Amino acid sequence: QVQLVESGGGLVQAGGSLRLSCAASGGTFSTYGMGWFRQAPGKERELVAAINWSGGRTYYADSVKGRFIISRDNAKNTVYLQMNSLKPEDTAVYYCATELDGSIWYRWDEYDYWGQGTQVTVSS
């Protein structure tokens, strides 16, 4: 059983930055692929960024490419999402998720464990 706990969300003005963290426990973090998803009210959950087990491969949604950076520290069992140049349309609950085979996957139902989510609100 893997537990994931997100932190770092909050309220920020447009153009500002936030860094989300997701701490994992209960498994072998260094072998897992990790993803950051978001869900805004009335919208489907979407993949924002993903990283493979080693950090050598990453994926970004077009909407965040060039603004967000996903990274991981396997010694700290933590994955990060650095969010820069935030826009009001980035407002959502952000979730981290893990999939156990270490690769990058794109659909939410391909992920095995989820955190509880952290709210990000970007004001205009």
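Okay, so let's go over this structure.

How each quantity is defined
- Residues numbered from 1 in each chain as written.
- Predicted model: local features only at pLDDT ≥ 70, side-chain atom pairs only at ≥ 80, totals over all residues.
- Heavy atoms only, no water.
- Disulfide = S-S within 2.5 Å.
- Helix = DSSP H or I, 4+ residues; strand = E, 2+ residues; numbered from the N terminus.
- Salt bridge = Lys/Arg side-chain N within 4 Å of Asp/Glu carboxyl O.
- Buried < 20%, exposed > 50% of the residue type's maximum accessible area, 1.4 Å probe, protein only.
- Core = buried A, V, L, I, M, F, W, Y, C linked by side-chain atoms within 4.5 Å.
- Contact = heavy atoms within 4.5 Å.
- Pairing = 2+ DSSP bridges.
- Polar contact = N/O pair within 3.5 Å; in protein donor to acceptor, adjacent residues only side chain to side chain.

## A look at the state of the cysteines
Next, step 1: Applying the stated criterion to the full structure yields one disulfide.
Next, step 2: Each sulfur of the disulfide joining Cys-22 and Cys-96 lies 1.9 Å from the other. What sets the handedness of the Cys-22 and Cys-96 disulfide is the S-S torsion sign, and at about 50° it is right-handed. In this pair, Cys-22 sits in strand S3 (residues 18–25) while Cys-96 sits in strand S9 (residues 92–99), placing the two residues 74 residues apart along the sequence.

## Description of the pattern of salt bridges
Next, step 1: Inspection of the entire model under this criterion finds five salt bridges.
Next, step 2: Taking the shortest distance from any N to any O, the salt bridge between Arg-38 and Glu-46 comes out at 2.6 Å.
Next, step 3: Since its relative accessible area comes to 33%, Glu-46 is described here as partly exposed.
Next, step 4: Among the salt bridges present, the one from Arg-67 reaches Asp-90, with a minimum N-O distance of 2.8 Å. One end of the pair, Arg-67, is in the loop between strand S6 (58–60) and strand S7 (68–73); the other, Asp-90, is in the loop between strand S8 (78–83) and S9, and 23 residues separate them in sequence.

## Some details on the nonpolar core
Next, step 1: Residues Leu-81, Met-83 and Tyr-94 are the most contacted members of the largest nonpolar core, which totals 29 residues.
Next, step 2: A per-element tally of this core places S3 first, with four residues.
Next, step 3: Setting aside its immediate chain neighbours within four residues, Leu-81 contacts Leu-18, Arg-19, Leu-20, Trp-36, Val-48, Ala-49, Phe-68, Ile-69, Ile-70 and Tyr-94.
Next, step 4: Counting residues in each nonpolar core, the second largest holds six residues, with Leu-47, Ala-50, Ala-97 and Tyr-111 among its members.

## Observations concerning the pairing of strand S11 (residues 118–123)
Next, step 1: On S11, burial follows the alternation: Thr-118, Val-120 and Val-122 on one face are buried, whereas Gln-119, Thr-121 and Ser-123 on the facing-out side are not.
Next, step 2: When strand S2 (residues 10–13) meets S11, the two strands line up parallel, connected through four bridges. When the bridges of S11 are listed, Gly-10 appears paired with Val-120.
Next, step 3: Pairing of S9 with S11, which is carried by three bridges, proceeds in the antiparallel orientation. Among the inter-strand pairings, Ala-92 is bridged to a residue of S11, identified as Val-120.

## A short note on the side chain of Asn-52
Next, step 1: Within the secondary structure layout, Asn-52 lies in the loop between strand S5 (46–51) and S6.
Next, step 2: A polar atom in the side chain of Asn-52 sits 3.1 Å from the backbone nitrogen of Gly-55.
Next, step 3: A polar contact of 3.0 Å, which involves the side chain of Asn-52, links it to the backbone nitrogen of Gly-56.
Next, step 4: Once residues lying within four places of it in the same chain are set aside, the contact partners of Asn-52 are Tyr-32, Gly-33, Arg-57, Arg-72, Gly-102, Ser-103 and Ile-104.

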